[in-house]
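Architecture at a glance
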Amino acid sequence: MHHIYHPSLHIQSNSTSNSNKIPFQSHLQLAHQTMASKPGILTDWPWTPLGSFKYIILGPWVTETIYSIMVKDPKEWDLTNFSVIPFMLWRMLHNQLWISLSRYRTAKGTNRIVDKGIEFDQVDRERNWDDQILFNGILFFLANKYVPGASHLPLWRTDGVIITMLLHVGPVEFLYYWLHRALHHHYLYSRYHSHHHSSIVTEPITSVIHPFAEHIVYFALFAIPMLTVVFTGTGSIIAIAGYITYIDLMNNMGHCNFELIPNWVFSIFPPLKYLMYTPSFHSLHHTQFRTNYSLFMPFYDYIYDTMDKSSDTLYENSLKRKEETPNVVHLTHLTTPESIYHLRFGFASLASKPYSSAWYLWLLWPVTLWSMVLTRIYRRTFVVERNRFHQLRLQTWAIPKYGIQYRLKWQKESVNNMIEEAVLEAEEKGASVLSLGLMNQGEELNRYGEVYVKKHPQLKVKLVDGSSLAVAVLLNSIPKGTTQVLLRGNLTKVAFAVAFALCQKGIQVTVLHEDEYEKLDKSLGTKSEGKLVTSKSYSSCKVWLVGDDLTEEEQRKANKGTLFIPFSQLPPKKLRKDCFYHTTPAMQTPTALENVDSCENWLPRRVMSVWRIAGILHALEGWEEHECGYTMSNIDKVWEACLKHGFQPLKVPTQSKS
């Protein structure tokens, strides 16, 4: 290591396959080969062309409901009709809670069933999970209007609840079992059901990812109890809403990929094993395909000998599985209050896209406010993502602080305490590297992590701030033939190091402000090789290296065609359509990096910030030194190691984006 100049100085599963079963990887290939190879009729949803505006098809019924509230006497109001929209919203909330819980638990590793991760293609395939709720809502409106006895239902009738339960246990479970087996016949499987089974590793919402035709059949099946109680006059709002909620609950639980049913439940009442499945039971159906066909009651798999022989073993092993211990930990934090929704366990479809603020998130301000209260109460890091790269187990931990809190002096002690606790926790769990990829962590906050090393000199976990790789990426992002760059922004460790490297390469570094020039000149001295200059002109430089405090006024003064290359983790606001904007320092990840289904901050898919990559490289290469404080690793060595392990530089943008 050398000092920089500074003013103050894989697929794995716990299941045991039977010898006559297709290997796990073969199933994966089979699912993708057959998926949509022969799409049947009514595969797509009718409102697919409407995209995000699909909910306008509820307009006529919503309008009619509002009109009836306004013109009818309250005694004539139909509570059944009024309850449809609130019930749809409840189902969405219920499903989202399961998604978040499942992603959090599987990231920690506790009781996880299947090790293989989720990728972007699965998130995209499953992003429209609300189609089923929309479809059901339309059918409930239609039934309320046209089915005799379906309107003005009472809130509760005990006899109707009992009938619903009996009909589900009887004909619904029986008919579903044989329907499910039929869907695995090659004719129906290739045209319909393969779409569902393309998700080998399931998430809760995988349960409702089926072609439209399948949903028609499923609803007809589940309508048997509901229509029966309506026609017999024993129906009630709670019976129908409770039945659908039960279906959602069991579906989500069966696809959540972590085991949560404790052993004592079956010990108290042993016959329950025939009446209620577990997540591991249904997970085997997605990995073995030809076993465990039952809906929610394994009873019929026992009767017809389709019970997977490894069901009990997988269940026991999943329950015993402990929290995963990482080799490399990456620390991050929330940027804005809304960023909670962009975490992997937030809204999956948002997390799979570069960070942006969606207008509809303003509607969730009560939830956003509550999340801010929780982060203040919780005050501990939490796991937000896990990845695997070759033999390395990687985890990303979030500190419950927002970006603005890192700039507040009165928050300094609290933030540092949380980071220190995370460092010691990583040490306790046996991690070899912890990357301090925190935005705005710097000299004023903790001297780039140096305070933790000095306070705990016996640390085995190596702290890496990623500055050396950031400099290497910046140097390789500057177009060949460039003779002059303008350096503008908060002068961080990376800024000093890149200015030094550019001067050594014979590239002129121009700054606009005298105080910036004085700091750099004092740091570099004669090592600037006369290449450090100050200028009030904005017209001479076509390449700008920019940091956090670049002003909008300065950006607007840049020449047409200027290339902005950020050296901080926060990108500049894109104000110019006639200029080019590079990403913040980052690289394309190799395909060997598993479980990548969310975007890191503002970066494109499968692109990772250098502050995160640096920790991975440190572990892969087995480097024994810390990279924090005012020291850096050899830039060329880090760059060569990065390329050797398959990380690729991003292309310099050739056209501007609004």
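Analysis parameters
- Residues numbered from 1 in each chain as written.
- Predicted model: local features only at pLDDT ≥ 70, side-chain atom pairs only at ≥ 80, totals over all residues.
- Heavy atoms only, no water.
- UniProt positions renumbered as here; feature names shortened; annotations may be inferred.
- Helix = DSSP H or I, 4+ residues; strand = E, 2+ residues; numbered from the N terminus.
- Pairing = 2+ DSSP bridges.
- Contact = heavy atoms within 4.5 Å.
- Axes fitted to C-alpha atoms, helices over the stretch in contact; angles between N-to-C directions.
- Right-handed = clockwise from strand over helix to strand, strands pointing away.
- Phe/Tyr/Trp six-rings, centres within 6.5 Å; stacked < 30°, edge-to-face > 60°.
- Buried < 20%, exposed > 50% of the residue type's maximum accessible area, 1.4 Å probe, protein only.
- Lys NZ or Arg CZ within 6 Å of the ring centre and 35° of its normal.
- Polar contact = N/O pair within 3.5 Å; in protein donor to acceptor, adjacent residues only side chain to side chain.
- Salt bridge = Lys/Arg side-chain N within 4 Å of Asp/Glu carboxyl O.
- Patch = residues over 30% accessible without salt bridge, like charges linked within 9 Å, V, L, I, M, F, W, Y side chains within 5 Å.
- Areas by Shrake-Rupley, 256 points an atom, 1.4 Å probe, with all protein chains shown as cover.
- pLDDT = per-residue confidence, 0-100.
- Expected span 1.5 Å × (residues − 1).

- The protein chain carries the name Fatty acid hydroxylase domain-containing protein in an unreviewed UniProt entry, which gives Gossypium mustelinum as its organism.
- Under the UniProt heading Subcellular location (unreviewed entry), the entry covering the protein chain gives this text: "Membrane".

1. Quick notes on the UniProt feature "domain: Very-long-chain aldehyde decarbonylase CER1-like C-terminal" (unreviewed entry) in the protein chain
- According to UniProt, the positions carrying the feature "domain: Very-long-chain aldehyde decarbonylase CER1-like C-terminal" (unreviewed entry) are residues 485-649.
- Helix makes up 30% of residues 485-649 and strand 20%, with an end-to-end C-alpha separation of 20 Å.

2. Let's talk about the sheet that holds strand β6 (residues 462-464)
- The sheet built from six strands is open, its strands ordered β6-β5-β2-β4-β3-β14 with mixed pairing. Edge positions in the sheet fall to β6 and β14 (593-594), since each has one partner strand and no second.
- Together, β2 (328-333), β3 (382-389), β4 (392-399), β5 (433-435) and β6 form the strand contacts of helix α25 (residues 610-621), whose direction differs from that of β5 by roughly 165 degrees.

3. Considering the pairing of strand β8 (residues 508-511)
- Pairing between strand β7 (residues 484-488) and β8: three bridges, direction parallel. Residue pairing for β8: Val-485 is matched across the bridge by Val-509.
- The handedness of the β7 to β8 crossover, carried by helix α22 (residues 493-504), is right-handed.
- Here β8 pairs with strand β9 (residues 532-534) via three bridges, running parallel. Residue Val-509 lies in a different strand from β9, and its bridge partner there is Leu-532.

4. Concerning the sheet that holds strand β10 (residues 543-546)
- The parallel open sheet is built from six strands, whose spatial order is β9-β8-β7-β10-β11-β12. The open sheet is flanked by β9 and β12 (580-581), the only strands paired with a single partner.
- As paired elements, β7 and β10 share three bridges and run parallel to each other. Counterpart to Arg-488 in the pairing with β10 is Val-546.
- Lying on the sheet, helix α23 (residues 514-524) is in contact with β7, β8 and β9; it crosses β9 at an angle near 165 degrees.

5. Thoughts on the packing of aromatic side chains
- Counted under the stated rule, the structure contains 33 aromatic pairs.
- Judged by centre distance (4.9 Å) and plane angle (70 degrees), the ring pair of Trp-178 and Tyr-304 falls under edge-to-face. A residue pair is termed long-range when its members are at least 10 positions apart, and Trp-178 in helix α7 (residues 158-183) and Tyr-304 in the loop between α14 (299-303) and α15 (311-320) qualify at 126 residues.
- Where Phe-389 meets Phe-647, the ring centres are 5.7 Å apart and the plane angle is 55 degrees; that geometry is what we call tilted. Of this pair, Phe-389 sits in strand β3 while Phe-647 sits in the loop between α26 (635-644) and β17 (648-649); the two residues are 258 residues apart in sequence, bridging distant segments of the chain. The pair Phe-389 / Phe-647 is uniform in exposure class, with both members buried.
- The rings of Trp-45, Trp-47, Phe-87, Phe-135, Phe-140, Phe-212 and Phe-219 are connected pair by pair, giving a single aromatic cluster.
- The ring of Tyr-187 carries Arg-191 above its face, with NZ or CZ at 3.7 Å from the centroid.
- Over the aromatic face of Tyr-274 sits the side chain of Lys-273, whose NZ or CZ is 5.9 Å from the ring centroid.

6. What to know about the side chain of Ser-477
- Turning to its location among the elements, Ser-477 is positioned in helix α21 (residues 467-477).
- With a relative accessible area of 5%, Ser-477 lands in the buried category.
- Here Val-473 takes part through its backbone oxygen, which lies 2.7 Å from a polar atom of the side chain of Ser-477.
- With residues near it in sequence (within four places) discarded, Ser-477 still touches Leu-563, Ile-565, His-582 and Val-652.

7. Concerning the pattern of salt bridges
- Summed over the entire model, instances satisfying the criterion amount to 30 salt bridges.
- Ionic pairing is found between Asp-578 and Arg-576, a salt bridge with its closest N-O pair at 2.8 Å.
- Its relative accessible area of 30% is what places Asp-578 among the partly exposed residues.
- Several salt bridges share partner residues, and in doing so they unite Lys-108, Glu-323, Arg-380, Glu-425 and Lys-429 into one network.

8. Remarks on a nonpolar patch on the surface
- Taken together, the side chains of Phe-174, Leu-175, Trp-178, Trp-264, Ile-268, Phe-269, Tyr-274, Leu-275, Phe-299, Ile-303 and Tyr-304 present a nonpolar region at the surface, about 1100 Å² in accessible area.
- At the level of elements, α7, α11 (263-268), α12 (272-275) and α14 are the ones that each hand at least two residues to the nonpolar patch.
- Here the element with the most residues in the nonpolar patch is α7; it accounts for three residues.

9. Thoughts on the environment of Glu-621
- Considering the arrangement of structural elements, one finds Glu-621 in helix α25.
- Taking the relative accessible area as the measure of exposure, Glu-621 reaches 26% and is therefore partly exposed.
- Residues Glu-621 and Lys-480 lie 141 residues apart in sequence; the distance between their C-alpha atoms is 29 Å.
- The contacts of Glu-621, once residues within four sequence positions are left out, are Ala-641, Lys-644 and His-645.

10. Focus: the confidence of the model for the protein chain
- Overall, the prediction assigns the protein chain a mean pLDDT of 91, with 93% of residues at 70 or greater.
- Counting contacts from residues 2-34, a segment whose pLDDT is below 50, to residues more than four positions away or on other chains yields 81 contacts.

11. Let's talk about α22
- The terminal C-alpha atoms of α22 lie 17 Å apart, and with twelve residues this matches the ideal 16 Å at 1.5 Å per residue to within 8%.
- All of the buried residues along α22 are Lys-493, Val-494, Ala-495, Phe-496, Ala-497, Val-498, Ala-499, Ala-501, Leu-502 and Cys-503.
- Positive phi appears at Gly-506, one or two residues downstream of α22, with a value of about 85 degrees.

12. Details of the environment of Phe-345
- Summarising the element assignment, Phe-345 is placed in the loop between β2 and α16 (348-351).
- Judged by relative accessible area, which is 14%, Phe-345 ranks as buried.
- Sequence separation of Phe-345 and Arg-105 is 240 residues, and the distance between their C-alpha atoms is 9.6 Å.

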